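Notes for the structure review
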Amino acid sequence: MNDHGDTGGRRAARPGGPRRQLRPTDVKRLNRAWRRETHGRLALIVESVTGPFNVGSIFRTAAAFGVDRIWLAGNTVGPANPKVQKTALGCDRFVRYEEGVTPRDAVRAAREDGYRVVAVELTGDAVPLHEADLAGDVCLVVGGEDHGCSPALLEAVDAVCYIPQTGRVGSLNVAVAAAIALAEARRREWAALPGPVPGRA
Ligand SMILES: C[S@@+](CC[C@H](N)C(=O)[O-])C[C@H]1O[C@@H](n2cnc3c(N)ncnc32)[C@H](O)[C@@H]1O
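Described below are features of the structure shown in this document. (Residues numbered from 1 in each chain as written. Predicted model: local features only at pLDDT ≥ 70, side-chain atom pairs only at ≥ 80, totals over all residues.)

Counting its secondary structure elements, the protein contains six helices and seven strands. In the protein, the succession of α and β elements from N to C terminus is α-β-α-β-α-β-α-β-β-β-α-β-α. The principal-axis extent of the C-alpha atoms belonging to the protein is close to 70 × 35 × 35 Å. Expressed as a percentage of the 201 residues in the protein, the buried residues total 34%. Sequence separation of at least 24 residues holds for 80% of the intrachain contacts in the protein that already meet a minimum separation of 6. (Helix = DSSP H or I, 4+ residues; strand = E, 2+ residues; numbered from the N terminus. Buried ≥ 20, exposed ≤ 12 C-beta atoms within 10 Å, placed from the backbone. Contact = placed C-beta atoms within 7 Å.)

Further remarks concern the site of the ligand. G143, G148, S171, L172 and A177 are the nearest of the 16 residues found near the ligand. Along the lines of polarity and charge, the residues of the shell around the ligand split into nine nonpolar, five polar and two charged. (Near = placed C-beta within 6 Å. Nonpolar A, V, L, I, M, F, W, Y, C, P; charged D, E, K, R; others polar.)

The backbone phi angle of S48 is positive, close to 50°, even though this residue is not glycine. Given 22 C-beta atoms within a 10 Å radius, S48 is considered buried.

What follows is about helix 1 (residues 24-36). In a regular helix each residue adds 1.5 Å, so 13 residues correspond to 18 Å; helix 1 covers 18 Å between its end C-alpha atoms and thus fits that length. Taken across its 13 residues, helix 1 has zero buried, putting it largely on the surface. (Expected span 1.5 Å × (residues − 1).)

Residues L140 and V141 are the most contacted members of the largest nonpolar core, which totals 49 residues. Counting residues per element, this core draws most heavily on helix 6 (residues 174-191), which supplies eight residues. (Core = buried A, V, L, I, M, F, W, Y, C linked by C-beta atoms within 7 Å.)

Looking now at helix 6. Between its first and last C-alpha atoms helix 6 spans 25 Å; for 18 residues at 1.5 Å apiece the expected length is 26 Å, and the two agree. Listing the buried residues of helix 6 in full gives V174, A175, A177, A178, A179, A181, L182 and A185. Where the residues of helix 6 are buried, they touch strand 1 (42-47), helix 2 (52-64), strand 2 (67-73), strand 4 (116-120) and strand 6 (138-142).

What follows is about the sheet that holds strand 1. Strand pairing within a sheet occurs via backbone hydrogen bonds; the two strands may be parallel or antiparallel. Spatially, the seven strands line up as an open sheet ordered 3-2-1-6-4-7-5, and their pairing is parallel. Of all the strands in the sheet, the pair left with one neighbour each is strand 3 (96-101) and strand 5 (127-128). (Pairing = 2+ DSSP bridges.)

Another point: the pairing of strand 1. Consecutive side chains along a regular strand alternate between the two faces of the sheet. With respect to burial, strand 1 is a largely interior element, six of its six residues being buried. Along strand 1, one buried face is formed by L42, L44 and V46 and the opposite face, lined by A43, I45 and E47, is buried too. Pairing between strand 1 and strand 2: six bridges, direction parallel. When the bridges of strand 2 are listed, A43 appears paired with R69. You can see the chain leave strand 1, run along helix 2 and come back into strand 2, and the turn it takes is right-handed. (Right-handed = clockwise from strand over helix to strand, strands pointing away.)

Let's shift gears to the pairing of strand 4. Of all five residues that make up strand 4, four are buried, and the element is covered over most of its length. Sheet topology places strand 4 next to strand 6; four bridges connect them, and they run parallel. Its bridge partner being in strand 6, V118 is matched across the sheet by L140. Pairing of strand 4 with strand 7 (residues 159-162), which is carried by three bridges, proceeds in the parallel orientation. Counterpart to V118 in the pairing with strand 7 is A159.

Right, dumping it as structure tokens:
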């Protein structure tokens, strides 16, 4: 390397050796470090999501972000469906869930368990996700592929937020919308953490 930091086409040796993916044990350690710093409880109400791959994907994301409870409301397909397992990959064993509840009963149960219930939906009064109040214990709600959240459910929730889109599409896939909203809820708490980033020596 010359004085200008130019390596003449060769890569400078990285201080910690070549960049590689973490091994599974290191990922577990990293997850544990973030878990220790994460205190807000998250839950989900999934209303009438009938695509098994979507439900499986929602379970995997929920497990990854430490969601405590999922209410499968309306006619949402349950994890017993083998197609759900193609994307859930067994993650349903990490999340407590209830099937076959009405949307109103799901909202009531979430409130009784101490959650503020926030629908993720495109409604006239919804606030953009990045401005939504997601502090404390939050239960997010997503709706079905065809009809979205039902009017009854939207009446029952405490607030509604939407994910701004800039492309010429009407909406996101429901599993993607759930993932974005869950990630944002966690990001808020993590961004406010004092001290070093968890998992860094
Ligand atoms: C495919 S969308 C529902 C379809 C939509 N209602 C329609 O008329 O085509 C399924 C669910 O994903 C969530 N969703 C998708 N895109 C969203 C966005 N941009 N903001 C908020 N929620 C969204 C909502 O929960 C919605 O009920």
